[in-house]
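Structural description and commentary
As a plain string of letters, each chain reads:
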Amino acid sequence: TLSSSSAASDVYKRQGLKLYAAERPSDALVLFKQVLSFNRKYRPSDAAVLATTLNNIGAAHERCGQPDDAVAYFRAAADALERSTVPNKEARLAHVRQRLAALHRKLASNGGAADVQPAARAHAPELALAHSTSPPRQESGARAAPPPPETRAAASAESDAELLSDEREVAE
């Protein structure tokens, strides 16, 4: 049932956050992907919950040293946030976009490809959104206007995986 699946998803998310905080991102990643599976099946139209999960997976990939995979998930989280009505949407989007920009800079400085299409293709089934209605994404070379100082402060005050997992923000 939806109720028991939501409870299981919440348990996995909480355990994943604990593992992430304990510097065990690869173990957290397994749980976050299970949460994504539950959310895709039982809450496919809840863009805010999907954004949280995709962000958490991106953060775990980043901490595992997999920046291409992290970029793919952060992009998907930004797309889901664009469709959501989550409180503090702009601060959350600013955070995800800052993470993306930092990863692109890191990839460029390490001689890595700025194109993450191979990673996106590898994760295509997980990243496919049931009904994508997000606005077109900016070209990879285009830069978004920087968020206002209060937005940057609010976003940076949150931790990586927990930014989109604040219980008050995603409570049903």
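Bear in mind the structure is a predicted one, so any value in this text is a computation, not a measurement. (Residues numbered from 1 in each chain as written. Predicted model: local features only at pLDDT ≥ 70, side-chain atom pairs only at ≥ 80, totals over all residues. Heavy atoms only, no water.)

What follows covers the confidence of the model for the protein. Summing up the model confidence of the protein, the mean pLDDT is 74 and the portion of residues at 70 or higher is 63%. Highest mean pLDDT in the protein belongs to helix 2 (residues 25-42) (95); lowest belongs to helix 9 (residues 167-170) (30). Under a pLDDT of 50 for its full length, residues 120-125 has, in the predicted model, six contacts with residues more than four places off or in other chains. (pLDDT = per-residue confidence, 0-100. Helix = DSSP H or I, 4+ residues; strand = E, 2+ residues; numbered from the N terminus. Contact = heavy atoms within 4.5 Å.)

All told, the structure shown has one aromatic pair when counted by the stated rule. Seen from their ring centres, Tyr12 and Phe38 are 5.7 Å apart, and the 35° between their planes marks the pair as tilted. Taken together, the residues span a long stretch of sequence, with Tyr12 in helix 1 (residues 2-21) and Phe38 in helix 2 at a distance of 26 residues. Directly above the aromatic system of Tyr20 lies the positively charged group of Arg63, at a separation of 3.8 Å from the ring centroid. (Phe/Tyr/Trp six-rings, centres within 6.5 Å; stacked < 30°, edge-to-face > 60°. Lys NZ or Arg CZ within 6 Å of the ring centre and 35° of its normal.)

Under the 1.5 Å per step criterion, the end-to-end length of helix 2 is 25 Å for 18 residues, consistent within 8% with the ideal 26 Å. Those residues of helix 2 lying buried are Pro25, Ala28, Leu29, Leu31, Phe32, Val35, Leu36, Phe38 and Asn39. (Expected span 1.5 Å × (residues − 1). Buried < 20%, exposed > 50% of the residue type's maximum accessible area, 1.4 Å probe, protein only.)

A word on helix 3 (residues 47-63). The terminal C-alpha atoms of helix 3 lie 24 Å apart, and with 17 residues this matches the ideal 24 Å at 1.5 Å per residue to within 8%. Extensive coverage of helix 3 is indicated by the burial of 15 of its 17 residues. Looking at the residues trailing helix 3, positive phi occurs at Gly65, about 80°.

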